[in-house]
Structures are given as structure tokens and as C-alpha cells.
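An overview of the molecular structure
Read off the chains here:
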Amino acid sequence: MPGLLRGVARTAVVAGTATAVSNRVSRRQAGRWAQQDAGQQQYQQSYQQQPPAQAPAPAGDDMSTKIEQLKQLGELKAQGVLTESEFETQKRALLGT
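Here is a short report on the structure shown in this document. (Residues numbered from 1 in each chain as written. Predicted model: local features only at pLDDT ≥ 70, side-chain atom pairs only at ≥ 80, totals over all residues. Heavy atoms only, no water.)

1. Structural notes on the overall build of the chain
When you go through the chain residue by residue, the secondary structure sums to three helices and zero strands. Evaluated residue by residue, the chain yields a buried proportion of 6% over its 97 residues. Element-wise, carbon and sulfur atoms account for 57% of the exposed surface of the chain, whose accessible area totals about 8,000 Å². (Helix = DSSP H or I, 4+ residues; strand = E, 2+ residues; numbered from the N terminus. Buried < 20%, exposed > 50% of the residue type's maximum accessible area, 1.4 Å probe, protein only. Areas by Shrake-Rupley, 256 points an atom, 1.4 Å probe, with all protein chains shown as cover.)

In C-alpha cells:
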């Protein structure tokens, strides 16, 4: 019987240690994710408060510059920096329509 009790006690200690370590890792990951979420929300709020980065293109601007700017807008939209409505607004301002 003492051998059985010792085995059960050892299993309980191992399981308790594993649970404690698992809980600590979970809390640490949750804290990191919360920090990342807070950082992203702060970035989005600061981005929304800023005026539009691109002003309408002057009338004397050549077509190749406009095409290049449209490509950059498309890349920003593809990366998720611009929403669909922001992209359309910037595109209209660039094309002067």
C-alpha cells in the first residue's frame, strides 16, 4: 500500500505542477494579446484622427504620377491600412472627380 500511495502522490504533484505552468503560460499569452490589441486600437484611433495624408493632385500633374499614386493607394488598401470607403475617397480626390 505505501508504494501505491507514493505513486498517487507523485502523480498528483506532477499534475498540479503541469496545471500551474499551463495556467501561467495562458495568462502570459492573454496579457501579450491584450497589449497587442491595445496597441492596434491606439494606432487606429490616431490614424482616424489625422487628416487625409494625400491632398488632391494639382491640375498640372502628369498621368504617370497619378497612376503611381493609384498603385500606392491600392497597395495600402490591400494591406488593410485603408478601408474601401477611404480608398474611394482618396481615389476621387486624386482623379479630381
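Still more ground to cover, so stick around.
2. Brief notes about the pattern of salt bridges
Inspection of the entire model under this criterion finds two salt bridges. Between Glu 84 and Lys 77 there is a salt bridge, with the nearest N and O atoms lying 2.9 Å from each other. Given the relative accessible area of 32%, Lys 77 is considered partly exposed. With a closest N to O distance of 3.5 Å, Lys 91 and Glu 88 form a salt bridge. Placement of both Lys 91 and Glu 88 in helix α3 (residues 84-95) is noted, with a separation of three residues, approximately one turn of the helix. Residue Lys 91 is classed as partly exposed on the basis of its relative accessible area, which comes to 27%. (Salt bridge = Lys/Arg side-chain N within 4 Å of Asp/Glu carboxyl O.)

3. Things to note about α3
Along its twelve residues, α3 runs 16 Å from first to last C-alpha, staying within 8% of the 16 Å computed at 1.5 Å per residue. Taken together, the buried positions of α3 are Phe 87, Gln 90 and Leu 94. Viewed along the axis of α3, the buried residues span an arc of 70 degrees, placing them on a single side of the element. Contacts from the buried residues of α3 go to α2 (63-79). (Expected span 1.5 Å × (residues − 1). Arc of directions from axis to C-beta. Contact = heavy atoms within 4.5 Å.)

4. A closer look at the environment of Leu 76
Mapping Leu 76 onto the fold places it in helix α2. For Leu 76, a relative accessible area of 31% corresponds to the partly exposed category. Counting along the chain gives eleven residues from Leu 76 to Phe 87, while the straight-line C-alpha distance between them is 8.5 Å. If we skip the residues at most four places from it in the chain, Leu 76 touches Val 81 and Leu 82.

5. Things to note about the packing of α2 against α3
Where α2 contacts α3, the axes come no closer than 10 Å and their chain directions differ by 175 degrees. Accordingly, the angle class assigned to the pair α2 and α3 is roughly antiparallel. Each of Lys 66, Gln 69, Leu 70, Leu 73, Gly 74 and Lys 77 in α2 lies in contact with α3, whose residues at this interface are Glu 84, Phe 87, Gln 90, Lys 91, Leu 94 and Leu 95. Residue composition of the contact of α2 with α3, grouped by class: five nonpolar, three polar and four charged. (Axes fitted to C-alpha atoms, helices over the stretch in contact; angles between N-to-C directions. Parallel < 35°, antiparallel > 145°, perpendicular 65-115°, else oblique. Nonpolar A, V, L, I, M, F, W, Y, C, P; charged D, E, K, R; others polar.)

6. A look at the packing of aromatic side chains
Given two aromatic rings, their pairing is described by the distance between the two centres and the angle made by the two planes. Scanning all chains against the criterion turns up zero aromatic pairs. Against the face of Phe 87 rests Lys 77, its NZ or CZ located 5.0 Å from the ring centre. (Phe/Tyr/Trp six-rings, centres within 6.5 Å; stacked < 30°, edge-to-face > 60°. Lys NZ or Arg CZ within 6 Å of the ring centre and 35° of its normal.)

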